[in-house]
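So the chains spell out like this:
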Amino acid sequence: MSTKVQIVVEGHDRASKVSALMASLHSQLLPGVTISYLTGCIGDPGPADFQVWHFEGENHFQLRSRLPELVGDCEWVVLLEDHNAIDGDWIPAILDAVDRAHADTQIVVGPLSNKRSTEPWSWASFLVGSGLHWAPRPLVPIPPNRFNCAIRRSIFGSARLEEGEFEFQTLPGMIGQTELAPDMVVDHIQHQTITSALQHHWCNGRAAATLFPGGRPQALMHIKIMGTKRTTVVRDAIRAHPERAQLPPGTNARIFCLCLMHAAGCWWGTTFGTGRAAWELE
């Protein structure tokens with residue numbers, strides 16, 4: 001019998017540093033589910049009691065381009081980041097969600113919480129990237145995300161992808177073929193100061209600059225969106241959210257700053273090149 005769900009945790013830490021997440025996953029392991037760790041960490045990834053795919057020195061885009069070659073005989077692939085945390089019934093929620101998925105659904109998307117990294121700039125950074133997925137009431141129809149999504153194995157094919165193809169072609173192409181699984185919640189842990197948040201969004205924009213399938217014209221359109229519309233879209237999502245009162249004062253201003261920083265980074269990348277920006281991302 002083929003594996004129903006293959007969970008792939010992706011990151012750059014030694015395997016021992018994601019032991020808490022892996023322990024949580026293993027504690028919920030059910031028949032038909034397998035777990036792998038995809039890492040670009042420098043040096044030996046360390047001891048592990050799970051499958052490790054180690055491609056030393058590769059960045060996130062390079063690692064994810066390998067997914068078609070790596071994932072096995074399964075029906076669904078679920079991606080996590082190494083700084084995610086799950087609760088006690090996340091895997092059962094996945095299995096229930098994919099069992100219920102409609103035949104034309106290509107991606108089942110889970111919401112994201114931000115329970116641990118609640119410093120002011122951490123909140124703003126989370127909302128810029130994941131405000132439309134913020135639990136318990138994400139935007140519906142929920143857009144695809146690069147983690148906490150169950151993706152049909154058939155989407156990946158068998159040949160290695162181009163860098164950025166998964167993030168900028170595959171996922172956007174699935175808009176309208178997604179389904180929300182409200183119980184499939186993952187906590188996103190990424191502590192940020194003003195300095196690290198600005199650097200993160202600069203590098204994110206710069207790294208993306210040359211990966212758009214439409215080349216420079218699409219990158220310039222992305223810059224325009226990030227510099228203008230993204231702040232409004234995120235603010236609208238916040239305004240409709242039942243837990244908006246917990247946000248620190250000044251959150252909207254910080255979101256605006258980070259969107260501008262992302263746009264500036266993307267402009268820099270299209271003009272002067274991406275450099276090592278992709279390797280600076282967590």
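Look a little higher up for the structure.
A brief structural summary. (Residues numbered from 1 in each chain as written. Predicted model: local features only at pLDDT ≥ 70, side-chain atom pairs only at ≥ 80, totals over all residues. Heavy atoms only, no water.)

### A few points about the pairing of strand S2 (residues 33-39)
- Most of S2 is tucked away, with 6 of its 7 residues classed as buried.
- As paired strands, strand S1 (residues 3-11) and S2 are joined by 7 bridges and run parallel to one another. Each bridged residue has a counterpart across the sheet, and for Gln6 the counterpart in S2 is Thr34.
- As a crossover connection, the stretch from S1 through helix H1 (residues 19-27) into S2 is right-handed.
- Bridge analysis of S2 against strand S3 (residues 51-54) gives 4 bridges, and the strand direction is parallel. Of the residues in S3, the one forming a bridge with Leu38 is Trp53. (Buried < 20%, exposed > 50% of the residue type's maximum accessible area, 1.4 Å probe, protein only. Helix = DSSP H or I, 4+ residues; strand = E, 2+ residues; numbered from the N terminus. Pairing = 2+ DSSP bridges. Right-handed = clockwise from strand over helix to strand, strands pointing away.)

### Let's talk about the environment of Ser130
- Examined against the element boundaries, Ser130 turns out to sit in helix H5 (residues 120-130).
- When the C-alpha positions of Ser130 and Phe61 are compared, they lie 18 Å apart, and in sequence the two are 69 residues distant.

### A short note on the pairing of S1
- The buried fraction of S1 is high, at 7 of 9 residues.
- Note: S1 against strand S4 (residues 74-81), 7 bridges, orientation parallel. Across the sheet, Gln6 pairs through a bridge with Val77, a residue of S4.

### A closer look at the sheet that holds strand S5 (residues 84-86)
- Read across the open sheet, the 3 strands follow the order S5-S10-S7; overall the sheet is mixed. Each edge of the sheet is formed by a strand with only one pairing partner; in this case those strands are S5 and strand S7 (112-113).
- Looking at chain direction, S7 and strand S10 (residues 186-188) are connected through 2 bridges and run parallel. Opposite Ser113, over in S10, you have Asp187 as the bridge partner.

### Quick look at the pattern of salt bridges
- By the definition in use, this model includes 10 salt bridges.
- Two residues, Arg64 and Glu167, come together in a salt bridge whose shortest N-O distance is 2.5 Å. With a gap of 103 residues between them, Arg64 in helix H2 (residues 60-65) and Glu167 in helix H6 (residues 165-170) connect regions that are remote in the sequence.
- For the salt bridge of Arg160 with Glu69, the shortest nitrogen-to-oxygen distance reads 3.1 Å. Of this pair, Arg160 sits in the loop between strand S8 (149-152) and H6 while Glu69 sits in helix H3 (residues 67-70), and the two are 91 residues apart along the sequence.
- Taken together, the salt bridges that share partners define one network made up of Lys4, Glu75 and Asp99. (Salt bridge = Lys/Arg side-chain N within 4 Å of Asp/Glu carboxyl O.)

### Overview of the packing of aromatic side chains
- Summed over all chains, the structure comprises 10 aromatic pairs.
- On the basis of an interplanar angle of 15° and a centroid distance of 5.8 Å, the ring pair of Phe156 and Phe166 is categorised as stacked. Remark: Phe166 occurs in helix H6 and Phe156 occurs in the loop between S8 and H6; sequence separation between them is 10 residues.
- An angle of 50° between the planes, with centres 4.8 Å apart, marks the rings of Phe168 and Phe212 as tilted. Linking Phe168 in helix H6 with Phe212 in the loop between helix H7 (194-208) and helix H8 (215-239), this pair joins segments that are 44 residues apart in sequence. Judged on exposure class, the residue Phe168 and its partner Phe212 are both buried.
- Aromatic rings pair up to connect Trp202, Trp267, Trp268 and Phe272 into one cluster.
- Directly above the aromatic system of Phe61 lies the positively charged group of Arg64, at a separation of 5.7 Å from the ring centroid.
- In this arrangement the basic side chain of Arg254 is found over the ring face of Trp121, its NZ or CZ atom lying 5.9 Å from the centre. (Phe/Tyr/Trp six-rings, centres within 6.5 Å; stacked < 30°, edge-to-face > 60°. Lys NZ or Arg CZ within 6 Å of the ring centre and 35° of its normal.)

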